[in-house]
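Take a look at the letters that make up each chain.
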Amino acid sequence: MEEPDAEPPLMVVPGVDSAARQLCFEWGPAEMLVCETLFGGRGGGEGRPSSSCVFVVRKDQDIYIQTLRKLFNESHGIFIGLQRSEEEFAGKSRKTQLVQVSKNYRSVIRACMEDMHQAAVSARDPALHSQYSTQVSILSAMELIWNLCEILFVEAAVAGPLLLRLLDWVRLHVCDVDNMVREVLSSENPSKHELFWNVVDVFVLQGRMDEARHLLSKEASANPTSVNMCRILDDLMKKMPVPSLGNTQTLTEMELKWQHWHEECQRYLQDGTFASNSHMESICKILLGDENAILEKKELMTTWYHFLVTRLLYSHPTVKPMELRFYAQSSMDLFLGGESSPEPLDTILMAAFEFELHQVIKECSIALSNWWFVAHLTDLLDHCKLLQSHNLYFGSNMREFLLLEYASGLFSHYSLWQLGVDYFDHCPEYGRVYLELHIERIPLNTEQKALKVLRICEQRQMHEQVRSICKIMAMKALRNNRLGSALSWSIRAKDAAFATLISDRFLKDYCEKGCFSDLDLIDNLGPSMLLSDRLTFLGKYREFHRLYGEKRFSEAAKLLLMLMTAHIAPCSFWMTLLTDALPLLEQKEVIFSAEQTYELMRCLEDLTAGKSDKQKFQDDDVETMKVEMLRLALARNLARVIVKEGTLEGS
């Protein structure tokens, strides 16, 4: 278990005896339940927790395994491609495409399994080695189940090709004997090797006739007395009819050929052709489909489903899909023989052979440690139109339910949550609601991550979430005294109240420092300044300073007067504005007209008249001096204006 960085405030589970052991909990930010067990009787004083254990219980632990990242990332691309291609294919081409998608999923599982195997081999820590080995077993079982579902449901192989597909399935997944085969074939004299006939048996049991015949030729070369038996057995293997993938022969033709071949095998066995060699006699019995002879090789087959496919190969090669259930059940009973009960994997495979699709999904959901497998398999089967009639009682269909569960698990990971967004997008009924709920719980650790989340919300017109994210980031920036960033986020959130608050902070900083921070942002507010009156004032006041700096005094004077007379400026800032007018009043050239000067005088009087005698008494000498200087400057400017205007009228 992982310990959290900081212990959250905990709540006692209702109904627990407070005098005894207590179980407390608190929901964490990412689908985690933080639990603490308190032992009140030890260590601390009365009512105080003593020794405590903090645990983190995660909803889907597998997503934190680094080596499984390839599985999640690469399968995401396959999933998205499948959703987008739905309208592009129809009929046979659609079926071919779905089979290819299934193979792509399996290749990702296998690649991930190989990586996990390498990690297990190189792991020095026994616990880590055990964890990786367990994951290899799980991934192997996943590929085994998926491959069978591909054959039975996606490709929907018919009688004839069905057996060939099942043979490929067994050869791919039952590979415990590969080491034995390599050992025998690499020896100087394979036919004298103690495991030689075991390897021949394995090839026959898996229908690998060419390889079995190749080994028999070595036996014939090394043992002249068995040349005739080897030749006859080789001929039987060579002539064995097999179904074709194409339409080159009908099932009736196949069955007739197989019957003639079967009778020939029976004749040689009854004639005692192989009586002098028990190994060849046993192989001939297997070719005849003798269940007892096949079961004698139980250790070489290792699994009941290998026995099933071998049994079908030599007794019913034209088996139809709907007949599989009967052969599968009897094969499992014969192979296990009451010695052991079926494992979860056996139950899943049996459900597949019985074409109980929903049972397969249910059993996989119970047995496997994450939702990846059932979510992607169900989505693929849904595209095959095999789940259309199955809706869950609360309204959603099975595909959407499983995808929602899988995507919810991804959202508990610090980076895989981005994959979860696309899965929610392709859940038409509840995907939007789930996305809105989960995206609000993503920890916004950095501005880069916040912008990424924001872009996702904006692309989907999730206006409430956009505002929420912007407000959170604006508040974080404000706490860190990053006013520019805070203002930028509040503008994105279109939060007038917060923009007003930050604008006031900008103005307060200006009064204290005599300059603005984040000039680039304020200079380029544009239409955004209309969000609030205070933000408008901030933008216009900065424009006044820019005009003044460019010596455009007349424009600056008009703007300054407008800010006061239009009541855009807060009253608390009037003295600052009037003080800013002083340099303009003292210019050699007359800037303010008589009318403008009167307006400034009125503003000054309104400012001083609005204060009570007590406030005036409390004002410091600096403020009093400013007022006197302003009155003097205004009076002087008015006199200069009157003289100038009178001179102009006289001329």
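Residues numbered from 1 in each chain as written. Predicted model: local features only at pLDDT ≥ 70, side-chain atom pairs only at ≥ 80, totals over all residues. Heavy atoms only, no water.

- Identification of the chain as Nuclear pore complex protein Nup85 from Apteryx mantelli is taken from an unreviewed UniProt entry.
- Checking UniProt for the chain, the heading Subcellular location (unreviewed entry) contains the comment "Nucleus, Nuclear pore complex".
- Per UniProt, the comment on the chain under Function (unreviewed entry) is "Functions as a component of the nuclear pore complex (NPC)." (UniProt positions renumbered as here; feature names shortened; annotations may be inferred.)

1. Observations concerning the environment of alanine 222
In step 1: Considering the arrangement of structural elements, one finds alanine 222 in helix α7 (residues 209-222).
In step 2: Leave out the neighbours within four places in its chain, and alanine 222 touches Ser191 and Lys192. (Helix = DSSP H or I, 4+ residues; strand = E, 2+ residues; numbered from the N terminus. Contact = heavy atoms within 4.5 Å.)

2. Comments concerning the packing of helix α1 (residues 69-84) against helix α17 (residues 372-383)
In step 1: Their axes nearest at 11 Å, the elements α1 and α17 cross at an angle of 15 degrees. In terms of axis orientation, α1 runs roughly parallel to α17. Where α1 crosses over α17, the handedness of that crossing is left-handed. Within the contact between the two elements, α1 uses Leu71, Phe72, Ser75, Phe79, Leu82 and Gln83 and α17 uses Trp372, His376, Asp379, Leu380 and His383. (Axes fitted to C-alpha atoms, helices over the stretch in contact; angles between N-to-C directions. Parallel < 35°, antiparallel > 145°, perpendicular 65-115°, else oblique. Left-handed = near helix turned anticlockwise from the far one by under 90°.)

3. Points about the packing of aromatic side chains
The relation between two aromatic rings is expressed through the spacing of the ring centres and the mutual angle of the planes.
In step 1: In this structure the tally under the stated criterion is 20 aromatic pairs.
In step 2: Taken together, a centroid distance of 5.0 Å and an interplanar angle of 50 degrees make the contact between tyrosine 105 and tryptophan 146 tilted. Placement of the pair is tyrosine 105 in helix α2 (residues 91-122) and tryptophan 146 in helix α3 (residues 126-154), with a sequence separation of 41 residues. Comparing tyrosine 105 with tryptophan 146, the two get one shared label, buried.
In step 3: Geometrically, the ring pair formed by tryptophan 304 and phenylalanine 353 is edge-to-face, given 6.0 Å between the ring centres and 70 degrees between the ring planes. Here tryptophan 304, found in helix α13 (residues 304-315), pairs with phenylalanine 353, found in helix α15 (residues 344-353); they are 49 residues apart in sequence, far enough to count as distant. Like tryptophan 304, the residue phenylalanine 353 is buried in the burial classification.
In step 4: The structure contains a cluster of three or more aromatic residues connected by ring pairs, namely Phe72, Phe79, Tyr406 and Tyr423.
In step 5: A cation over an aromatic ring shows up here: lysine 298 above the ring of phenylalanine 335, its NZ or CZ 5.1 Å from the ring centre. (Phe/Tyr/Trp six-rings, centres within 6.5 Å; stacked < 30°, edge-to-face > 60°. Buried < 20%, exposed > 50% of the residue type's maximum accessible area, 1.4 Å probe, protein only. Lys NZ or Arg CZ within 6 Å of the ring centre and 35° of its normal.)

4. Notes on the nonpolar core
In step 1: In terms of nonpolar packing, the biggest core is built from 197 residues, with Trp169, Leu287, Trp304, Phe353, Trp372, Phe373 and Tyr541 touching the most fellow members.
In step 2: If you tally residues by element for this core, the top one is α3, at 13 residues.
In step 3: Excluding residues within four positions of it along the chain, tryptophan 372 makes contact with Leu71, Phe72, Ser75, Tyr105, Ile109, Met142, Trp146 and Tyr406. (Core = buried A, V, L, I, M, F, W, Y, C linked by side-chain atoms within 4.5 Å.)

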